[in-house]
Amino acid sequence: MRELTDEAAAIATELGGRTMLRDHGGGFSPLTVQLHRISAENHAGDPLAALDAARMVSLKALPSVERRSRALGDIAVTYDRLGRRSDCVRTLLAAERCAPEETHARPATKSLIASLLVSGPTSTELRGLAERSGVLA
């Protein structure tokens, strides 16, 4: 995975760093490759590498609030896997501020919220997010 992602990043850079194929899932660029790296590292079981990848992403450079929200959701997963519960909740709330509908509807985010509710202490912010996302329904 890392070898292929590095190769994709090199190709994206060779293409001049601009976004290609905009109409296909947000396009292909160094930035979208880096977003993929966050998710891939999480799925590969290396949240520290995912966090390193996330640190290299400028959320303001993302083309839409939905992409920012999704990136924040992936970063929240990273924090959860690292046991950084308060950072996880804070990041989920930031995702919700970016794009509430995206955050409330995304199955992976709802699953994470549900997991947080049963795995430790809850805050009014987490319970509110769970309610707004339909997790407490």
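Cut-off values and rules
Residues numbered from 1 in each chain as written. Predicted model: local features only at pLDDT ≥ 70, side-chain atom pairs only at ≥ 80, totals over all residues. Heavy atoms only, no water. Core = buried A, V, L, I, M, F, W, Y, C linked by side-chain atoms within 4.5 Å. Buried < 20%, exposed > 50% of the residue type's maximum accessible area, 1.4 Å probe, protein only. Contact = heavy atoms within 4.5 Å. Axes fitted to C-alpha atoms, helices over the stretch in contact; angles between N-to-C directions. Helix = DSSP H or I, 4+ residues; strand = E, 2+ residues; numbered from the N terminus. Parallel < 35°, antiparallel > 145°, perpendicular 65-115°, else oblique. Left-handed = near helix turned anticlockwise from the far one by under 90°. Nonpolar A, V, L, I, M, F, W, Y, C, P; charged D, E, K, R; others polar. Salt bridge = Lys/Arg side-chain N within 4 Å of Asp/Glu carboxyl O.

J.: Help me understand the nonpolar core, please; the structure alone is not making it clear to me.
T.: General note: in soluble globular proteins, nonpolar side chains tend to be found buried as a group. Judged by nonpolar contacts, the single largest core of 23 residues is most densely connected at I38, C88, L92 and L116. The contact partners of L92, leaving out residues within four places of it in the chain, are A76, T103, T109, L112, I113, L116 and L129.

J.: What am I meant to see in the packing of helix α2 (residues 30-43) against helix α3 (residues 47-55) here?
T.: A pair of packed helices can be characterised by two numbers: the angle between their axes and the separation between those axes. Two elements in contact, α2 and α3, have axes whose closest approach is 7 Å; the angle formed by their N-to-C orientations is 165°. Considering their axes alone, α2 and α3 lie roughly antiparallel with respect to each other. Note that α2 runs across α3; the crossing there is left-handed. Seen from α2, the contacting residues are Q34, R37, I38, E41 and N42; seen from α3, they are P47, A49, A50, A53 and A54. Residues of the contact of α2 with α3, tallied by class, amount to 6 nonpolar, 2 polar and 2 charged.

J.: What's the story with the pattern of salt bridges in this structure? I'm lost.
T.: Side chains that differ in sign of charge can pair as their charged atoms come close. For the coordinates displayed, the defined rule picks out 8 salt bridges. Residue D46 pairs with R2 through a salt bridge whose shortest N-O separation is 3.1 Å. Linking D46 in the loop between α2 and α3 with R2 in helix α1 (residues 2-14), this pair joins segments that are 44 residues apart in sequence. D46 sits in the partly exposed class, given a relative accessible area of 28%. Residue classification places R2 among the partly exposed positions, given a relative accessible area of 40%. A salt bridge links D87 to R90, with the nearest nitrogen and oxygen atoms 3.0 Å apart. With D87 and R90 both in helix α5 (residues 85-98) and 3 residues apart, this pair spans about one turn of that helix. Overlapping salt bridges bring together R2, E41 and D46 as one network.

J.: Just to check I follow, could you spell out the environment of A40 for this structure?
T.: Mapping A40 onto the fold places it in helix α2. A relative accessible area of 11% places A40 in the buried class. For the pair formed by A40 and A50, sequence separation is 10 residues and the distance between their alpha carbons is 7.7 Å.

J.: So what exactly am I meant to see when it comes to the packing of α2 against helix α4 (residues 65-81) here?
T.: α4 packs onto α2 with a crossing angle of 30° between their chain directions and a minimal axis gap of 10 Å. The orientation of α2 with respect to α4, classified from their angle, is roughly parallel. The element α2 and its partner α4 pack so that their crossing is left-handed. For the pair formed by α2 and α4, the contact residues are T32, L35, I38, S39, N42 and H43 on the first element and R67, A71, D74, V77, T78 and R81 on the second. Its residues assigned to classes, the contact of α2 with α4 comprises 4 nonpolar, 5 polar and 3 charged.

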